[in-house]
Amino acid sequence: MNPQNKPSTPSYTINCRMTHEAAALERLCQVVRIRGFRIATMAVETAGEYLDIALTLEGTRPIAMLQSQLEKLHTVAEVALAAGSVARSRSA
């Protein structure tokens, strides 16, 4: 095998807060996958009735499109891009 240098895939960090309910994480992961991103790392902590989720994602599609789709999930209270990205956030 000959390893080849691939062009660097952009990496983004998103912090998400969502209501802790059945299948919420599965829906989040499905939206990420369908929108063309790959989860590199994911950390989840319970904070009362919410889940605080830190995602490091890789993908070449516009991150704002993914953020918009995540905000449409009824369980999502807030989505914020980490510093260094064009950040928008929504609070419920």
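Residues numbered from 1 in each chain as written. Predicted model: local features only at pLDDT ≥ 70, side-chain atom pairs only at ≥ 80, totals over all residues. Heavy atoms only, no water.

*Asks:* Looking at this model, I keep getting lost on the overall build of the chain. Mind explaining?
*Replies:* In terms of regular secondary structure, the chain is built from two helices and four strands. Overall, the chain shows an N-to-C arrangement of helices and strands of β-α-β-β-α-β. Put simply, of all contacts in the chain between residues at least 6 apart along the chain, 59% involve residues at least 24 apart. A total accessible area of about 5900 Å² is found for the chain, and carbon and sulfur atoms account for 51% of it. (Helix = DSSP H or I, 4+ residues; strand = E, 2+ residues; numbered from the N terminus. Contact = heavy atoms within 4.5 Å. Areas by Shrake-Rupley, 256 points an atom, 1.4 Å probe, with all protein chains shown as cover.)

*Asks:* Is there a simple way to explain the pattern of salt bridges in this structure?
*Replies:* Working definition: two side chains of opposite charge can pair if their charged atoms are close together. Following the criterion strictly, the structure yields three salt bridges and no others. For R17, the salt bridge identified is with D52, shortest N-O distance 2.7 Å. Pair noted here: R17 is in strand β1 (residues 11–19) and D52 is in strand β3 (residues 50–58), with a separation of 35 residues, a long-range link. For R17, a relative accessible area of 29% gives the class partly exposed. Among the residues examined, D52 registers a relative accessible area of 27% and is labelled partly exposed. (Salt bridge = Lys/Arg side-chain N within 4 Å of Asp/Glu carboxyl O. Buried < 20%, exposed > 50% of the residue type's maximum accessible area, 1.4 Å probe, protein only.)

*Asks:* Looking at this structure, how should I read the packing of aromatic side chains?
*Replies:* Each pair of aromatic rings is reported with the distance of its centres and the angle of its planes. Taken as a whole and judged by the stated rule, the model has one aromatic pair. Plain terms: the ring middles of Y12 and F37 are 6.3 Å apart, the flat faces sit at 75° to each other, and that makes the pair edge-to-face. Remark: F37 occurs in the loop between α1 (24–34) and β2 (38–47) and Y12 occurs in strand β1; sequence separation between them is 25 residues. Judged by its relative accessible area of 6%, F37 is buried. (Phe/Tyr/Trp six-rings, centres within 6.5 Å; stacked < 30°, edge-to-face > 60°.)

*Asks:* Just checking my understanding: could you explain the environment of E45 for this structure?
*Replies:* Assignment of secondary structure puts E45 in strand β2. When its relative accessible area of 59% is taken as the criterion, E45 is described as exposed. Taking the C-alpha atoms as reference points, E45 and R17, 28 residues apart in sequence, are found 9.7 Å from one another.

*Asks:* What exactly am I supposed to notice about unusual backbone geometry here?
*Replies:* When glycine is set aside, most residues are seen to have a negative phi, and most peptide bonds are trans. Positive phi is not limited to glycine here, since A23 has a value of about 70°. Here A23 lies in the loop between β1 and α1. The partly exposed category is assigned to A23, whose relative accessible area is 34%.

*Asks:* Would you mind going over α1 with me for this structure?
*Replies:* For an α-helix the count is 3.6 residues per turn, leaving residues at separations of three or four pointing the same way. Those residues of α1 lying buried are A24, L28, V31 and V32. Seen along its axis, α1 keeps its buried residues to an arc of 100°; they face one direction. Of the exposed residues in α1, those oriented more than 90 degrees away from the buried face are E26 and R33. Against the buried residues of α1 lie β1, β2, β3 and α2 (63–71). Just beyond α1, the residue with positive phi is G36, at close to 90°. (Arc of directions from axis to C-beta.)

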